[in-house]
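Coordinate analysis (summary)
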Amino acid sequence: MYIEGIADYKKVTEPNSISLLKLDATDSPYLKSSRGTKVKKLITIWDAYVIIDGTSTTDYAQYILFVRNADWIKPDEN
């Protein structure tokens, strides 16, 4: 699954980190866009809700917990 707008989160977080991002902060770009709510799926397994055209990200969520590089495995140091 690819989240539309994932690069935005990567720009403001450190590699291998867990961050709480406030989507409805003053001047947040998510107040007037739907970035972060649309996904491109290879296999449809679960749909939590339908994103309605004309709505913004903050109509659905005010915070996001972003776990960056969750699939990263530290190489052996041998």
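Residues numbered from 1 in each chain as written. Predicted model: local features only at pLDDT ≥ 70, side-chain atom pairs only at ≥ 80, totals over all residues. Heavy atoms only, no water.

1. Observations regarding the environment of Asp71
Formally: Strands here are runs of E lasting at least two residues and helices are runs of H or I lasting at least four, both read from the DSSP assignment and numbered beginning at the N terminus.
As for its position among the elements, Asp71 is in the segment after strand 4 (63-67). Between the alpha carbons of Asp71 and Asn16 there is a distance of 9.4 Å; along the sequence they are 55 residues apart.

2. Notes on the packing of aromatic side chains
Quick reminder of the rule: Side-chain rings of Phe, Tyr and Trp (the six-membered ring for Trp) are treated as a pair once their centres are within 6.5 Å; stacked means planes under 30 degrees apart, edge-to-face means over 60, and tilted covers the remaining angles. Partly exposed residues are those whose accessible area sits between 20% and 50% of the maximum for their type, while under 20% is buried and over 50% is exposed, using a 1.4 Å probe and protein chains only.
Enumeration according to the criterion identifies two aromatic pairs in this entry. Pairing Tyr9 with Phe66 gives two aromatic rings, centres 5.4 Å apart and planes at 55°, and the pair type is tilted. Of this pair, Tyr9 sits in helix 1 (residues 6-11) while Phe66 sits in strand 4, placing them 57 residues apart in sequence. The burial state of Tyr9 is the same as that of Phe66; both residues are buried. Feature note: the residues Tyr9, Tyr30 and Phe66 constitute an aromatic cluster, connected by ring pairs.

3. Quick notes on the nonpolar core
As a reminder, the rule being used: Here the nonpolar core consists of buried residues drawn from Ala, Val, Leu, Ile, Met, Phe, Trp, Tyr and Cys, with membership extended through side-chain atoms lying within 4.5 Å. What makes two residues a contact is simply this: any of their non-hydrogen atoms within 4.5 Å.
Counting residues in each nonpolar core, the largest one holds six residues, listed as Ile6, Tyr9, Leu21, Leu23, Tyr30 and Phe66. Beyond its immediate chain neighbours, meaning those up to four positions away, Leu23 contacts Tyr9, Ser28, Tyr30, Thr57, Thr58, Ala61, Gln62, Tyr63 and Ile64.

Keep in mind these values describe shape, not function.
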